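Listed here are the chains, written in short residue letters.
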Amino acid sequence: MKRTLILVLLPFIMVVMNSCLKKGLPEYENWDQNNIDNVYVEYRYEGNKMMNGKPVVEYKRLDVEKKVNTSNSSIELKIQVPAASGSFTDDIRKKVQQNYLWVYTDISTAAKIAPIGDTPKLGDPGDLTKDLHYRVTAANGTTRDWVINVVTFKN
């Protein structure tokens, strides 16, 4: 039975695996863009739902007005904490502080982003009372250093 199954499946697997290995495909030019196109800020907190005996982490996206200046690679943010709603209660809203927020970004296609100095990596909480410094590397290897700073924060 096993031998028959292997004999039936082997040609199928060889065709499927071989179709992914085509040679002679055109070479495309690497992207040269290394921009930060958008910035988002959120606050994370323990919600009311439980999983495996622990509270589920929820998040609230903060209202962000941004000014992107590509000539000097800087982004100014004006952050407003939104009104309480749902599990984002007034008590939780009052706990939102500028020095403990999460930032994430949209960057150029095929680019990579990395923190510079003591700036936290994206996905870790950061202190937005300080400027954030990131290096964006385009697919072709060119780099550009960006500075993100908060000009106003309203809770």
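For the structure, check the block above.
Throughout what follows, the structure given in this document is the object of discussion. Within each chain, residue numbers correspond to sequence positions counted from 1 in written order. Where local features are concerned, this predicted model is filtered to residues with pLDDT of at least 70; where side-chain atom pairs are given and counted, the filter is 80 or more; whole-chain, interface and lining totals use all residues. Only hydrogens and water are removed before side-chain values are computed, so all heavy atoms of the structure are retained for them.

Here we come to the overall build of the protein chain. A count of helical and extended segments in the protein chain gives 2 helices and 9 strands. Numbered from the N terminus, helices here are DSSP runs of H or I no shorter than four residues, and strands are runs of E no shorter than two. Helices (α) and strands (β) of the protein chain occur, in sequence order from the N terminus, as α-β-β-β-β-α-β-β-β-β-β. The buried label goes to any residue with under 20% of its type's maximum accessible area, the exposed label to any with over 50%, and the partly exposed label to all in between, with areas taken from a 1.4 Å probe on protein chains only. Counting every position in the protein chain, which comprises 155 residues, the buried fraction comes to 27%. In this analysis, two residues are considered to be in contact whenever any of their non-hydrogen atoms come within 4.5 Å of each other. Pairs at least 24 residues apart make up 56% of the contacts formed inside the protein chain by residues separated by at least 6 positions. When the accessible area of the protein chain is evaluated, it comes to approximately 10,900 Å², of which 53% is carbon and sulfur surface. To measure how exposed things are, a 1.4 Å probe is used in the Shrake-Rupley method; for residues, cover is taken only from the protein chains shown.

Moving on: the sheet that holds strand 7 (residues 125–126). Within a sheet, each strand pairs with its neighbour through backbone hydrogen bonds, oriented either parallel or antiparallel. Being paired, for any two strands, means DSSP has found at least two bridges between them. In space, the 4 strands of this open sheet follow the order 2-1-5-7, with antiparallel pairing throughout. Of all the strands in the sheet, just strand 2 (54–61) and strand 7 have a single pairing partner and so form its edges. When strand 1 (residues 36–51) meets strand 5 (residues 101–107), the two strands line up antiparallel, connected through 6 bridges. Paired with Val 41 across the two strands is Val 103, which belongs to strand 5.

Turning to the nonpolar core, a few remarks are in order. The nonpolar core is taken to be a set of buried Ala, Val, Leu, Ile, Met, Phe, Trp, Tyr and Cys residues, with the residues joined through side-chain atoms within 4.5 Å. With 23 residues, the main nonpolar core has Ile 36, Val 41, Tyr 43, Leu 62, Leu 77, Leu 128 and Ile 148 as its most contacted residues. For this core, the secondary-structure elements that each account for two or more residues are strand 1, strand 4 (74–80), strand 5, strand 8 (132–137) and strand 9 (143–154). Top contributing element to this core by residue count: strand 1, with 5 residues. If we ignore the near neighbours within four places in the chain, the residues touching Tyr 43 are Glu 58, Tyr 59, Lys 60, Leu 62, Phe 88, Ile 92, Lys 95, Val 96, Tyr 100, Leu 101 and Trp 102.

Looking now at the environment of Asn 30. Position of Asn 30 relative to the elements: it lies in the loop between helix 1 (2–19) and strand 1. The spatial distance from the C-alpha of Asn 30 to the C-alpha of Gly 141 is 8.8 Å, given a sequence separation of 111 residues. Beyond its immediate chain neighbours, meaning those up to four positions away, Asn 30 contacts Ala 139 and Asn 140.

For the rest of this paragraph, the subject is the sheet that holds strand 3 (residues 63–69). Strands sit in the order 3-4-9-8-6 across an open sheet of 5 strands; the sheet is mixed. Both outer strands of the open sheet, strand 3 and strand 6 (112–115), are each paired with one neighbouring strand and no more. Mean inter-strand twist for the sheet, computed between neighbouring axes without regard to direction, equals 25°. Here strand 3 pairs with strand 4 via 7 bridges, running antiparallel. Every axis corresponds to a line fitted to the C-alpha atoms, with the helix fit spanning only the stretch in contact, and the corresponding angles, defined between N-to-C directions, vary from 0 to 180 degrees.

Centres within 6.5 Å are what make two rings of Phe, Tyr or Trp a pair, Trp counting through its six-membered ring; a difference in plane orientation under 30 degrees is then read as stacked, over 60 as edge-to-face, and the rest as tilted. Summed over the entire model, instances satisfying the criterion amount to 4 aromatic pairs. Measuring from centroid to centroid gives 5.8 Å for Tyr 45 and Phe 88, while their planes differ by 50°, and the two rings are tilted. Placement of Tyr 45 in strand 1 and of Phe 88 in the loop between strand 4 and helix 2 (90–95) is noted, with a sequence separation of 43 residues between them. Residue class for Tyr 45 comes out buried when judged on its relative accessible area of 8%. Centre to centre, the rings of Tyr 100 and Trp 102 are 5.1 Å apart; their planes meet at 75°, and the pair counts as edge-to-face. According to the relative accessible area criterion, Trp 102 is buried, its value standing at 8%.

With that settled, the discussion passes to the pattern of salt bridges. Salt-bridge detection follows one rule: a side-chain nitrogen of Lys or Arg within 4 Å of a carboxyl oxygen of Asp or Glu. Under the criterion given, the structure shown has 2 salt bridges. Taking the shortest distance from any N to any O, the salt bridge between Glu 42 and Arg 44 comes out at 2.6 Å. Accessibility expressed as a relative area gives 29% for Arg 44, which makes it partly exposed. Arg 135 is the partner of Asp 145 in a salt bridge, and the nearest nitrogen-oxygen pair spans 2.6 Å. One end of the pair, Asp 145, is in strand 9; the other, Arg 135, is in strand 8, with 10 residues separating them in the sequence. Given a relative accessible area of 35%, Arg 135 falls into the partly exposed group.

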